[in-house]
Amino acid sequence: MGKSPSKVITVYGASSRRIDCRFIDAARHLGELIGRSGYTLVCGGGHTGVMGAAIDGVLSEGGEAVGILPAFMVERKWQHPGLTRMVSTSTMHERKSRMVEDACGIIACPGGVGTIEELMEIITWRKLGLWDGHIVILNVDGYYDPLLQMLHKGIEYDFMRSDDAGLWHVAATPEEAVDYILHTLK
């Protein structure tokens, strides 16, 4: 903490092949915006789903995409072939830590249990002062509405403080997500 912000945006998201095209399109556009911004995309590095689309988007704009995958995923050849750089880790825990260590911001695209788990962990890290970047929940077509309702219910029932809602920002579009991170750094 206390060091100057890096030019890295980490993106969380699903790697499933069966995702509706509206989520794939949003992720690709998000990657394009990150690529145009001059920031590096760091992600789980998968070649399919939201992850693959975000990587494709950043690469289409001449940007850099760094994928961080545990060794078992590399052995299964789950990595995107166009990654600018790939980092292999020993464990999932090490992967998650490496994904955020240089990030000035996190954008959580729609995803399953892995994405939700990563999002909850980084919100917890921010609350505890272990990480001080910006967290954006990209709520494409209201995907995260039930989770956001649960978080607000936690505040309502005093499991969380009212100011904990400031730990994250909700964006409806990729433009809003990237703009929020870039403008909060100034």
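First things first, this report covers the structure right here in the doc. Residue positions are given per chain, counted from 1 along the sequence in the order it is written. Under the rules for a predicted model, residues below a pLDDT of 70 receive no local features and side-chain atom pairs below 80 are neither given nor counted, while totals for whole chains, interfaces and linings still include all residues. With hydrogens and water excluded, all non-hydrogen atoms of the structure serve as input to the side-chain values.

**Quick notes on the pattern of salt bridges**
Okay, so step 1: Only one rule defines a salt bridge in this text: a Lys or Arg side-chain nitrogen within 4 Å of an Asp or Glu carboxyl oxygen. Here the structure, examined in full by the defined rule, presents 12 salt bridges.
Okay, so step 2: Put simply, D163 and R161 hold a salt bridge, and the shortest N to O gap is 3.0 Å.
Okay, so step 3: Through salt bridges that share partners, R28, E32, R36 and E61 make up one connected network.

**As for the nonpolar core**
Okay, so step 1: Buried Ala, Val, Leu, Ile, Met, Phe, Trp, Tyr and Cys residues that are joined via side-chain atoms within 4.5 Å together make up what is termed a nonpolar core. Only protein chains enter the area calculation, which uses a 1.4 Å probe; residues under 20% of their type maximum are buried, those over 50% are exposed, and those in between are partly exposed. Judged by nonpolar contacts, the single largest core of 34 residues is most densely connected at I9, V11, L30, I34, L41, I107 and L138.
Okay, so step 2: Those residues in contact with V11 that lie beyond four places of it in its chain are L30, I34, L41, V42, C43, G44, M51, M99, I107 and C109.
Okay, so step 3: In this structure, Y12, I106, I123 and W131 belong to the second largest nonpolar core, which totals 24 residues. The contact definition used throughout considers only heavy atoms, calling two residues in contact when any of these lie within 4.5 Å.

**Focus: the packing of helix α1 (residues 21-37) against helix α2 (residues 49-60)**
Okay, so step 1: Where α1 meets α2, the closest approach of the two axes is 6 Å, and the angle between their N-to-C directions is 35°. By crossing handedness, the relation of α1 to α2 is classed as right-handed. Contact residues: α1 offers F23, I24, A27, R28, G31, E32, I34 and G35, while α2 offers G49, V50, A53, A54, D56, G57, V58 and S60. The angle between two axes is taken between their N-to-C directions and runs from 0 to 180 degrees, where each axis is a line fitted to C-alpha atoms and a helix contributes only its stretch in contact. Secondary structure counts use DSSP, requiring at least four H or I residues in a row for a helix and at least two E residues in a row for a strand, with both numbered from the N terminus. Handedness of a helix crossing follows the sense of rotation of the near helix relative to the far helix, less than a right angle counterclockwise being left-handed and clockwise being right-handed.

**Brief notes about the environment of E101**
Okay, so step 1: With respect to the secondary-structure elements, E101 resides in the loop between α4 (92-100) and β5 (105-108).
Okay, so step 2: What makes E101 partly exposed here is its relative accessible area of 41%.
Okay, so step 3: Sequence-wise, E101 and Y144 are 43 residues apart; in three dimensions their C-alpha atoms are separated by 25 Å.
Okay, so step 4: Identification of polar contacts relies on pairs of N or O atoms within 3.5 Å, with a donor-acceptor requirement for protein atoms, meaning one able to donate a hydrogen and the other able to accept it, and with residues adjacent in sequence counted only if both atoms are side-chain atoms. Polar contacts involving the side chain of E101 include one to the side chain of R98, which spans 3.3 Å.

**Points about unusual backbone geometry**
Okay, so step 1: We note that D141 has phi near 50°; this positive angle belongs to a residue other than glycine.
Okay, so step 2: By the element assignment, D141 lies in the loop between β6 (134-138) and α6 (145-156).
Okay, so step 3: A positive phi angle, near 65°, is found at D158, a position not held by glycine.
Okay, so step 4: Considering the arrangement of structural elements, one finds D158 in the loop between α6 and β7 (169-171).
Okay, so step 5: The class for D158 is exposed, based on a relative accessible area of 67%.

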